[in-house]
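What the coordinates show
Each chain, written out:
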Amino acid sequence: MQAFVMNGIGETGFAEKDRPEPGPNDAILKPTKALICTSDVHTVHGAIGEREDLTLGHEAVGVVDEVGSEVEEFAEGDRVAVGAITPDWGSEAAQDGHSSQSGGALGGWKFANEKDGAFAEYVHVNDADANLAHIPEGVEDEEAVYVCDMLSTGFTAAENAEIPMGGTVAVFAQGPVGLMATKGAELQGAGRIIAVESVPERQELARKYGADEVVNFEEVDPVEKILELTADEGDPAGVDAAIEALGREETLADCVAVTKPGGTISNVGYYGEGETVGIPREAWGVGMAEKDIVTDLCPGGRVRLRRLLRLIDAGRVDPTPMTTHEFDFEDIDEAFELMASKEDGVIKPLVTF
């Protein structure tokens, strides 16, 4: 089979590989649609170290091609989504409520990290009964593929932010995860959503997904502007919650600075470089302002995927406006280069197999 692989830091290309075989609890997926993520770019640039002949990709939907002897919920021909994170559900971490960390920090992240990912003609899925979900008849593949990562990650950012009903939240960065965090905040009942973004196309989408105000960080200091916007909400000014959806130290610092004492900073950013990430000491109340910093890795699992698919099927969220470009699998190298350069107004490239 053909696969799109990382051959070393900064190097990608196509490779011929053997079709994977399922274990008793596993499945083989034949992808129909996939998305390229900035995380893939970070990986190729060395964020998780050297990798060789590693198939990239972690966002895909498709058709079950084969299942192991112990798989009960799925059969050949089923149309399914597979989470970007595929935990070992029998692990101690999963049983303790932290399935994405099964086997250690980030241990549920297997695709394009510990094992071959989704940019191939066939994909191996571990623990298939728990890591796959049937796609409803009324949901198209190009919609369903967004539940694998973008909806799950963005919505968990809003869930973890503990936004009070009618409260104010600032969402820093309106890439695909940030846009879904904005939509998630709206669904969570936020009364005021402030998006931070400079790209006009992303600003427009942020408003579409529920942002009440958009702060352009290239024109104003976002901290000063957000404190100004919230000055009439009480003493002190600031937001009840802030979401970091970019993965930059300065953005995290801004989140801490705009959050009121007692508020929550919800981080889903991927910090792809540097040895440490600093927290502004005074803005954090020298560690005692009761500002919680909560982190998460995209939740996986059948129950999670099924709920997200239900939201699409019910018309409560339409992720497809984030698809700005489309490519055939044979041209995935071009799609990857586009995602790396962030040119031509790209938000998400969709790949068809």
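Okay, so let's go over this structure.

Each value, and the rule that gives it
- The residue numbers shown here count from 1 along each chain, following its written sequence.
- At least 70 in pLDDT is required for a residue's local features to be given in this predicted model, at least 80 for side-chain atom pairs to be given and counted, and no such filter applies to totals for whole chains, interfaces and linings, which use all residues.
- In computing side-chain values, all of the structure's heavy atoms are included and hydrogens and water are not.
- Each helix is a run of DSSP H or I of at least 4 residues and each strand a run of E of at least 2, with the numbering of both proceeding from the N terminus.
- Working rule for helices: expected span equals 1.5 Å times residues minus one.
- In this scheme, a residue with accessible area under 20% of its type's maximum is buried, one over 50% is exposed, and one in between is partly exposed, where area comes from a 1.4 Å probe on protein chains only.
- In what follows, residue pairs with any heavy atoms lying within 4.5 Å of each other are defined as contacts.
- A pair of strands is considered paired only if DSSP assigns at least 2 bridges between the two.
- Salt bridges are defined by distance alone: a side-chain nitrogen of Lys or Arg within 4 Å of a carboxyl oxygen of Asp or Glu.
- To obtain an axis, a line is fitted to C-alpha atoms, over the contacting stretch when the element is a helix, and the angle between two such axes runs from 0 to 180 degrees between their N-to-C directions.
- Polar contact criterion, stated in full: a pair of N or O atoms within 3.5 Å, where within protein one must be able to donate a hydrogen and the other to accept it, and residues adjacent in sequence count only if both atoms are side-chain atoms.
- A pair of Phe, Tyr and Trp rings is counted when the ring centres sit within 6.5 Å of each other, with Trp represented by its six-membered ring. The angle between the planes then sorts it: under 30 degrees is stacked, over 60 is edge-to-face, the rest tilted.
- Two limits define a charge over a ring: the Lys NZ or Arg CZ must be within 6 Å of the ring centre, and within 35 degrees of the ring normal.
- None of His or the chain ends enter the tally, which takes Lys and Arg as positive and Asp and Glu as negative.
- We call a pair of cysteine sulfur atoms a disulfide whenever their separation is within 2.5 Å.

Turning next to helix α6 (residues 176–187). The α-helix winds at 3.6 residues per turn, so residues separated by three or four positions along the chain end up facing the same way. Along its 12 residues, α6 runs 16 Å from first to last C-alpha, staying within 8% of the 16 Å computed at 1.5 Å per residue. In terms of burial, α6 is a largely internal element, 10 of the 12 residues being buried. Within the sequence span of α6, burial applies to Pro 176, Val 177, Gly 178, Leu 179, Met 180, Ala 181, Thr 182, Lys 183, Gly 184 and Ala 185. Tucked inside the fold, the buried residues of α6 contact α5 (150–160), β9 (168–172), β10 (192–196), α7 (200–208), β12 (239–244) and β16 (348–352). Immediately downstream of α6, the backbone of Gly 189 shows phi near 100°, a positive value.

On to the sheet that holds strand β2 (residues 11–16). One open sheet accounts for 3 strands, arranged β2-β1-β4; its pairing is antiparallel. Edge positions in the sheet fall to β2 and β4 (54–55), since each of these pairs with one other strand and no more.

All chains considered together, the criterion is met by 17 salt bridges. Between Glu 233 and Arg 192 there is a salt bridge, with its nearest N and O atoms 2.7 Å apart. Of this pair, Glu 233 sits in the loop between α8 (222–229) and β12 while Arg 192 is found in strand β10, placing the two residues 41 residues apart along the sequence. Among the ionic contacts, a cluster of salt bridges with common partners joins Arg 19, Glu 21, Asp 65 and Glu 66.

To continue, consider the pairing of β16. Every regular strand shows the same layout, with side chains that alternate between the two sheet faces. The buried fraction of β16 is high, at 4 of 5 residues. In terms of strand pairing, strand β3 (residues 27–35) meets β16 through 3 bridges, oriented antiparallel. When the bridges of β16 are listed, Leu 35 appears paired with Leu 350. Where strand β15 (residues 323–328) and β16 come together, 5 bridges link them in parallel fashion. Each bridged residue has a counterpart across the sheet, and for Asp 328 the counterpart in β16 is Thr 352.

In this section: the sheet that holds β12. In space, the 6 strands of this open sheet follow the order β11-β10-β9-β12-β13-β14, with parallel pairing throughout. Strands at the two margins of the open sheet, each flanked by one partner only, are β11 (213–215) and β14 (292–295). Taken pair by pair, the neighbouring strands of this sheet meet at an average axis angle of 20°, ignoring direction. Relative to β10, β9 is paired through 5 bridges, and the arrangement is parallel.

What follows deals with the side chain of Thr 168. By the secondary structure assignment, Thr 168 is in strand β9. For Thr 168, a relative accessible area of 3% corresponds to the buried category. A distance of 2.9 Å separates polar atoms of two side chains, one belonging to Thr 168 and the other to Glu 233. Leaving out residues up to four positions away in the same chain, Thr 168 has contacts with Arg 192, Ile 194, Thr 230, Glu 233, Val 239, Asp 240 and Ala 241.

What follows concerns the packing of aromatic side chains. Counting across every chain of the model gives 5 aromatic pairs. Pairing Phe 4 with Phe 14 gives two aromatic rings, centres 5.5 Å apart and planes at 65°, and the pair type is edge-to-face. Of the two residues, Phe 4 is situated in strand β1 (residues 2–8) and Phe 14 in strand β2; the sequence distance between them amounts to 10 residues. Since its relative accessible area comes to 0%, Phe 4 is described here as buried. A cation over a ring is seen here: Arg 19 above Tyr 122, with NZ or CZ 5.1 Å from the ring centre. Above the plane of the ring of Tyr 122 lies Lys 30, whose end atom (NZ or CZ) is 4.5 Å from the centre.

Assignment of secondary structure puts Arg 202 in helix α7. Here Arg 202 occupies a buried position and makes no salt bridge, while the nearest side chain of opposite charge, Glu 197, is found at 4.9 Å. Beyond its immediate chain neighbours, meaning those up to four positions away, Arg 202 contacts Gln 174, Gly 175, Leu 179, Glu 197, Lys 342, Val 346 and Ile 347.

This next bit is on the state of the cysteines. In this structure the tally under the stated criterion is 0 disulfides. Left unpaired, Cys 37 is separated from the closest cysteine sulfur, that of Cys 298, by 9.3 Å. No disulfide involves Cys 298; its nearest neighbouring cysteine sulfur is the one of Cys 148, lying 8.5 Å away.

Another point: unusual backbone geometry. Positive phi, close to 60°, is recorded for Lys 342, a residue that is not glycine. Looking at where Lys 342 falls in the secondary structure, it is placed in the loop between α11 (332–341) and β16. Overall, the relative accessible area of 37% leaves Lys 342 in the partly exposed class. Phi angles above zero are rare outside glycine, and Asp 344 is one such case at about 60°. Its place among the elements puts Asp 344 in the loop between α11 and β16.

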